[in-house]
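If you want the building blocks of each chain, they are given just below.
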Amino acid sequence: MSERALDCVIVALDTAERNEFDRWCRFFGPRVGYLKVGLEAFIRWGPAAVDTARSQANGIFLDLKLHDIPNTVAGAVGAASDLGVDLLTVHVGGGRRMLEAGVSAARGRLKLLAVTALTHLDQAALRELDDPCDLADRVPAWAVLAASSGCSGAVCSPLEAGSIRRRVEADFLVVTPGVRPAGSPSGDQRRTATPSEARAAGADLLVVGRPLTRAADPELALQRLEEELASSRPVEGIVV
Ligand code: C5P
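Per chain, residue numbering runs from 1 following the sequence as it is written. Local features are withheld for residues below a pLDDT of 70 in this predicted model, meaning they are given only at 70 or higher, and side-chain atom pairs are given and counted only at 80 or more; totals for whole chains, interfaces and linings count all residues. As a rule here, side-chain values come from all non-hydrogen atoms in the structure, and water together with hydrogens is ignored.

A. The arrangement of the sheet that holds strand β7 (residues 173-176) in detail. For two strands to be treated as a pair, DSSP must find at least two bridges joining them. Per the convention used, a helix needs a DSSP run of H or I reaching at least four residues, while a strand needs a run of E reaching at least two, with both numbered from the N terminus. Taken in spatial order, the eight strands line up as β1-β2-β3-β4-β5-β6-β7-β8 and close into a barrel, and their pairing is parallel. Taking each pair of neighbouring strands and ignoring which way they run, the sheet shows an average axis angle of 25°. In this sheet, strand β4 (residues 87-91) lies alongside strand β3 (residues 60-66) in parallel orientation, the contact comprising three bridges. Following the sheet pairing, Leu-66 is matched in β4 by Val-90. In this analysis an axis means a line fitted to C-alpha atoms, helices contributing only their contacting stretch, and an angle means the value between N-to-C directions, from 0 to 180 degrees.

Written out as structure tokens, the structure reads:
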């Protein structure tokens, strides 16, 4: 089957309204690669949110950003595997033993994606946390740690996709939120790029929430995104 331009898109279903969640599942699910069930929906509706999304979606991304001791993360990954999701997130900050425990508990039934640095954080926010790291160094180093721990991919800002892509194997997934089509408000996101810039930098999958779900005309927003992605393809080695 030929790849569709929107296969690389993950739509983030961030809402507290059940009717809205169901409507987004029906509208976006069949049109894009994955639906993302995040903390908000999962805490409100639990596995039922995953069931609803899965009934409409090509793939399910459960974005729970697990970060706990290895034993607890292993138990949570095992439970998520039973839900029939394709992708699940953990924080790299939990360290190698936690990542390896998660990978081992997944037993190949889902892909673990490791979150490097959240895309709302900038250098000033990290300084305030007494963490004087340089994000340009930290994010690729943490992605390499995730890869060597057995994770299937990393979540990073589009601005770091290129530097990760050059350091990991081709089958390691680079997943970027913080994607903003030209003209969309950035909201709380700080390290953003357009969809074609993210793809050009080597991102395999793009997480897009509000620019689609909160668009005045979601049909038109999706059509524009499809056109933009159809004319852009990943080019290794280009750093946005
Ligand atoms: O609405 P917006 O496009 O900003 O949504 C981005 C989505 O990606 C949100 O659901 C957010 O939880 C998620 N995300 C993120 N930054 C990360 C990991 C996930 O923004 N590092």
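What follows continues from the structure just given.
B. Looking closely at the packing of aromatic side chains. Ring pairs shown here join Phe, Tyr and Trp side chains whose ring centres sit within 6.5 Å, with only the six-membered ring taken for Trp; geometry is labelled stacked below 30 degrees between planes, edge-to-face above 60, and tilted in between. Scanning the model with the defined rule gives two aromatic pairs in all. The interplanar angle of 50° and the centroid separation of 5.3 Å between the aromatic rings of Phe-21 and Trp-45 together place this pair among those described as tilted. Separated by 24 residues along the polypeptide, Phe-21 in helix α1 (residues 18-28) and Trp-45 in helix α2 (residues 39-45) bring together distant segments of the chain. Arranged with centres 4.8 Å apart and planes meeting at 80°, the rings of Phe-27 and Phe-28 form a pair that is edge-to-face. What makes Phe-28 buried here is its relative accessible area of 1%. The rule for a charge over a ring is simple: NZ of Lys or CZ of Arg within 6 Å of the ring centre, and within 35 degrees of the ring normal. The ring centre of Trp-45 lies 5.1 Å from the NZ or CZ of Arg-18, which sits over that ring. Here the basic side chain of Arg-31 rests over the ring of Phe-27, its NZ or CZ set 4.2 Å away from the ring centre. Here the term buried applies to any residue with accessible area under 20% of the maximum for its type, exposed to any over 50%, and partly exposed to those in between, with areas from a 1.4 Å probe on protein chains only.

C. Focus on helix α4 (residues 70-82). Taking 1.5 Å of rise per residue, the 13 residues of α4 would be expected to cover 18 Å, and the 19 Å separating its terminal C-alpha atoms lies within 8% of that figure. Of the positions making up α4, those classed as buried are Val-73, Val-77, Gly-78, Ala-80 and Ser-81. All buried residues of α4 fall inside an arc of 165° around its axis, so they share one side. Exposed residues on α4 whose side chains face more than 90 degrees from its buried face are Asn-71 and Asp-82. To estimate how far a helix should extend, the number of its residues minus one is multiplied by 1.5 Å. It is the directions from the helix axis to the C-beta atoms whose arc is reported.

D. Up close: the nonpolar core. Remark: nonpolar core denotes a set of buried residues (Ala, Val, Leu, Ile, Met, Phe, Trp, Tyr, Cys) joined through side-chain atoms within 4.5 Å. By size, the foremost hydrophobic cluster in this structure holds 65 residues, and its most contacted members are Val-9, Leu-35, Leu-62, Val-77, Leu-88 and Leu-212. Only heavy atoms enter the contact rule, under which two residues are in contact if any of them lie within 4.5 Å. Once residues lying within four places of it in the same chain are set aside, the contact partners of Leu-212 are Val-9, Val-11, Phe-28, Pro-218, Ala-221, Leu-222 and Leu-225. Listed in part, the 11 residues of the second largest apolar core include Ile-10, Phe-61, Leu-113 and Leu-205.

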